[in-house]
Amino acid sequence: MTDLFRVGVIANTHGIKGEVKVFPTTGDPERYNYLKEVLLDTGKEKIPLEVASVRFFKNLVIVKFKGIDNINDIEKYKGCDLYVTRENAIPLEEGEYYYADILDAKVVTEDGEDFGILKDILETGANNVFVVEHEGKEVLLPDIPDCVKSVDAEKGIIVVHIMKGLLD
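Predicted, not measured: the structure shown is a model, and the values here were computed from it.

Visitor: Give me the pattern of salt bridges: which residues, what numbers.
Guide: Under the counting rule described, the total for this entry stands at nine salt bridges. Across the pair Lys66 and Glu50 runs a salt bridge whose closest N-O atoms are separated by 2.9 Å. Of the two residues, Lys66 is situated in the loop between β5 (60-65) and α1 (71-74) and Glu50 in strand β4 (residues 46-57); the sequence distance between them amounts to 16 residues. Overlapping salt bridges bring together Asp3, Arg86 and Asp101 as one network.

Visitor: Describe the sheet that holds β4, with residues and values.
Guide: Backbone hydrogen bonds are what pair the strands of a sheet, in a parallel or an antiparallel way. A barrel is described by the order of its strands in space; here six strands give the closed sequence β1-β2-β5-β4-β3-β6, paired in antiparallel fashion. Put simply, the sheet's adjacent strands are angled 50° from each other on average, direction ignored. Bridge count between strand β3 (residues 37-41) and strand β6 (residues 81-85): three bridges; the pairing is antiparallel. The residue of β6 that forms the bridge with Leu39 is Tyr83.

Visitor: Go over the environment of Lys58, please, and point to the residues and values.
Guide: Its place among the elements puts Lys58 in the loop between β4 and β5. You can call Lys58 exposed: its relative accessible area is 77%. Linking Lys58 and Leu4, residues 54 residues apart in sequence, is a C-alpha distance of 26 Å.

Visitor: Quick one: what's the story with the side chain of Thr13, residue by residue and with numbers?
Guide: Within the secondary structure, Thr13 is located in strand β1 (residues 4-14). The residues touching Thr13, leaving out its near neighbours within four places in the chain, are Glu19, Val20, Lys21, Ile71, Ile74, Glu75 and Lys78.

Visitor: Mind laying out the packing of aromatic side chains, listing which residues take part and the relevant values?
Guide: This model, assessed by the stated rule, comprises one aromatic pair. When the centroid spacing of 4.4 Å and the interplanar angle of 35° are considered together, the rings of Phe5 and Tyr98 count as tilted. On the criterion of sequence distance, the pair formed by Phe5 in strand β1 and Tyr98 in the loop between β6 and α2 (99-102) is long-range, its members being 93 residues apart. Taken as a pair, Phe5 and Tyr98 share a single burial class, namely buried. Just above the ring of Tyr83 sits the side chain of Lys46; from NZ or CZ to the centre is 5.8 Å.

Visitor: Describe the confidence of the model for the protein chain, with residues and values.
Guide: The predicted coordinates ought not to be read in detail in places where the model reports low pLDDT. Scored by pLDDT, the protein chain has a mean of 91; 99% of the residues are at 70 or more. Mean pLDDT per element in the protein chain: α2 is the minimum at 87, and strand β7 (residues 106-109) is the maximum at 97.

Visitor: Residue-level account of the nonpolar core, with values.
Guide: The biggest cluster of nonpolar side chains holds 22 residues, and the ones touching the most others in it are Val22, Val38, Val63, Phe65 and Leu82. Not counting residues up to four positions away in its chain, the partners in contact with Val63 are Gly18, Glu19, Val20, Val22, Tyr32, Val51 and Ser53. In this structure, Val139, Leu141, Val148 and Val160 belong to the second largest nonpolar core, which totals 16 residues.

Visitor: Please set out the environment of Gly156 residue by residue, giving values where relevant.
Guide: Locating Gly156 in the fold gives a position in the loop between β11 (148-152) and β12 (157-160). C-alpha separation for the pair Gly156 and Leu118, spaced 38 residues apart in sequence, amounts to 9.7 Å. Gly156 has contacts with Ala105 and Lys106, leaving out every residue within four places of it along the chain.

Each value, and the rule that gives it
- Residues numbered from 1 in each chain as written.
- Predicted model: local features only at pLDDT ≥ 70, side-chain atom pairs only at ≥ 80, totals over all residues.
- Heavy atoms only, no water.
- Salt bridge = Lys/Arg side-chain N within 4 Å of Asp/Glu carboxyl O.
- Helix = DSSP H or I, 4+ residues; strand = E, 2+ residues; numbered from the N terminus.
- Pairing = 2+ DSSP bridges.
- Axes fitted to C-alpha atoms, helices over the stretch in contact; angles between N-to-C directions.
- Buried < 20%, exposed > 50% of the residue type's maximum accessible area, 1.4 Å probe, protein only.
- Contact = heavy atoms within 4.5 Å.
- Phe/Tyr/Trp six-rings, centres within 6.5 Å; stacked < 30°, edge-to-face > 60°.
- Lys NZ or Arg CZ within 6 Å of the ring centre and 35° of its normal.
- pLDDT = per-residue confidence, 0-100.
- Core = buried A, V, L, I, M, F, W, Y, C linked by side-chain atoms within 4.5 Å.

Laid out in structure tokens, this is it:
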């Protein structure tokens, strides 16, 4: 299981007072309202930054960090990822899991046969789609109760029902 979760990417600066436009990579951008601290991944190190303020603009989040009051102090970090620790992540409800915890999970059919490995999760408007590597090809499985029967993040096992037509 991972201890860091990516919650955004610094897309650009905003104004001259050190604010940045962040493209959120979290399922719920509103989580930024409760975010206290992030880790800025510079590629060489992860720098802890305290969030001073947040506001929303179109599909972006405008974030101000404490102690960064000048565009010159933040401009060099355009394109850098922002992470939160597991402790600062949104608490899970019963039956929920973090996507990062199930990537590379073993996918088996309801009959117990090995089917493949979960390689990615696509977020679509209607439902998420699991991208499973199966016999050297990618198979797309909708994350709906008719198809995904159970997910055990701790054991790294996903049980699926292969619906008619999914392998055609």
